[in-house]
Amino acid sequence: MGPRRMLLLLSGALALTETWAGPHSLRYLHTTKSGPGPGEHRYNGVIYVDDTEIARFHSDTASSRLKLRVPWMEQRWVEQEGAWFWEDQTREMQHNAQWSRANLNQLRAHGDQSAHGSSTWQEMTGCVVRSDGRFLRGFSHFAYDGTDFLALNRDQGSWTATSGVSGSNVVRLPDEDVRRVFLEDTCVRRLHLFLEKGKGTLLRADPPKTHVTHHPISDHEVTLKCWALGFYPADITLTWKRDGEDLTQDMELVDTRPAGDGTFQKWATVAVPPGEEQRYTCHVQHQGLPEPLTLRWVLPLQTIMTIVVIAAALGVLGAVAAGAVMWRRKCSGSDSAQGSDVPLTAPKG
């Protein structure tokens with residue numbers, strides 16, 4: 001079973017004829033933490049397809065293995081036909097844990113942090129395929145203590161160190177040819193297999209539920225917030241416009257966040273003068289929408305009813321006031337008419 005069985009199965013995945021709404025990506029996130037005590041290391045490896053976590057690895061014990069994080073990957077396949085698939089990736093995780101720890105120790109020694117403090121070494125490596133499943137691009141980035149450190153160039157044949165970062169000469173990097181084969185071949189085949197096994201979940205497109213809310217800040221400013229909730233995949237565009245003019249530079253846009261139920265949420269805000277809310281529109285684009293949406297803030301029905309009631313009440317009060325004025329004028333006119341009938345001098349006898 002080994003290599004021949006693996007090639008047959010993965011070749012079958014490559015032979016898929018359906019078109020996947022894409023692009024799609026497979027990402028491996030590796031994180032190694034060292035310290036604060038000497039000799040202390042913790043390693044985590046996570047596999048993502050697009051925005052879904054597929055499996056996770058912890059180096060808590062020597063027998064650590066990949067643990068599935070999705071229900072659609074059948075346990076029977078994992079334990080039997082696909083056992084080689086998980087064995088290969090488990091070995092990769094174990095190897096990466098050792099390699100990352102060695103690099104982290106080298107960097108800590110280079111920066112004189114070997115005896116105190118804590119440090120982190122991270123790697124994000126993966127591939128992206130087009131809708132037809134063909135390779136689009138690969139990527140591989142390293143970070144040290146949260147700062148970009150090294151990146152694989154677009155030609156996938158060399159590495160570039162981030163400007164101003166020291167220590168790139170003390171770490172051991174993957175061989176460029178080996179990394180290129182992994183990104184263009186192994187990674188793509190694995191991604192095809194994941195997409196085929198989880199197509200009912202991974203290839204879905206849940207449209208966002210959208211609305212705009214109104215938040216008074218002061219007498220001179222209000223905030224309009226455009227919400228997009230419950231959508232999948234995570235890629236979405238929110239843009240505010242004023243009279244059709246793009247306000248990208250003037251709006252506040254939060255990062256897309258997981259909702260905890262397999263979907264995502266995002267919102268964008270813009271500050272506007274009171275009374276000018278209708279000049280502003282929010283534009284939403286997402287794979288699950290048949291066409292982009294355009295939203296405006298709409299007065300709540302309760303507010304509209306309140307305004308109507310107040311206007312009606314003011315109208316009634318105005319009518320009553322006008323009637324009172326007319327009645328008083330009429331009464332004054334009657335009194336004047338009656339006074340004119342009284343002679344100015346008494347009649348002669």
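Values in this document were obtained by computation on a predicted structure and should not be read as measured data. (Residues numbered from 1 in each chain as written. Predicted model: local features only at pLDDT ≥ 70, side-chain atom pairs only at ≥ 80, totals over all residues. Heavy atoms only, no water.)

Caption draft 1: Examining the nonpolar core more closely. Core analysis: the biggest nonpolar cluster contains 64 residues, and Leu26, Ile47, Trp86, Trp121, Phe194 and Trp240 have the highest contact counts within it. For phenylalanine 194, the contacting residues outside a window of four places in its chain are Leu26, Ile47, Val49, Ile54, Trp72, Met73, Phe85, Trp86, Gln89 and Leu202. (Core = buried A, V, L, I, M, F, W, Y, C linked by side-chain atoms within 4.5 Å. Buried < 20%, exposed > 50% of the residue type's maximum accessible area, 1.4 Å probe, protein only. Contact = heavy atoms within 4.5 Å.)

Caption draft 2: Seen up close, the side chain of glutamate 123. Inspection of the secondary structure puts glutamate 123 in strand E5 (residues 119-129). One polar contact links glutamate 123 to asparagine 96, side chain to side chain, over a distance of 3.3 Å. When neighbours within four sequence positions are excluded, glutamate 123 is seen to be in contact with Tyr28, Leu29, His30, Asn96, Trp99, Ser140, His141, Phe142 and Arg179. (Helix = DSSP H or I, 4+ residues; strand = E, 2+ residues; numbered from the N terminus. Polar contact = N/O pair within 3.5 Å; in protein donor to acceptor, adjacent residues only side chain to side chain.)

Caption draft 3: Representation of the packing of aromatic side chains. Under the counting rule described, the total for this entry stands at 14 aromatic pairs. A centroid spacing of 5.6 Å and a plane angle of 75° characterise the contact between tryptophan 121 and phenylalanine 149, whose relative ring orientation is edge-to-face. Taken together, the positions of tryptophan 121 in strand E5 and phenylalanine 149 in strand E7 (residues 147-152) put the pair 28 residues apart, joining distant regions of the chain. For the pair tryptophan 121 and phenylalanine 149, one class covers both residues: buried. Through successive ring pairs, a cluster of aromatic residues spans Trp99, Trp121, Phe142, Tyr144, Phe149 and Trp159. We note arginine 27 situated over the ring of tyrosine 48; from NZ or CZ to the ring centre the distance is 4.8 Å. The side chain of arginine 204 reaches across the aromatic face of tyrosine 232, ending 3.9 Å from its centre. (Phe/Tyr/Trp six-rings, centres within 6.5 Å; stacked < 30°, edge-to-face > 60°. Lys NZ or Arg CZ within 6 Å of the ring centre and 35° of its normal.)

Caption draft 4: Highlighting the state of the cysteines. Going through the model one piece at a time under the given rule, you end up with 2 disulfides. Taken in N- to C-terminal order, the disulfide-linked cysteines of the protein chain are connected 1-2, 3-4. (Disulfide = S-S within 2.5 Å.)

Caption draft 5: Structural detail: the sheet that holds E5. A sheet is described by the order of its strands in space; here 8 strands give the open sequence E4-E3-E2-E1-E5-E6-E7-E8, paired in antiparallel fashion. Edge positions in the open sheet fall to strand E4 (67-68) and strand E8 (159-161), since each of these has one partner strand only. Of the pairings in the sheet, the one linking strand E1 (residues 24-34) to strand E2 (residues 41-49) comprises 9 bridges and is antiparallel in character. The partner of tyrosine 28 across the bridge, within E2, is isoleucine 47. In the packing of helix H3 (residues 83-110) onto the sheet, contacts are made with E1, E2, strand E3 (52-58), E4, E5, strand E6 (135-144) and E7, and the angle to E1 comes to roughly 45°. (Pairing = 2+ DSSP bridges. Axes fitted to C-alpha atoms, helices over the stretch in contact; angles between N-to-C directions.)

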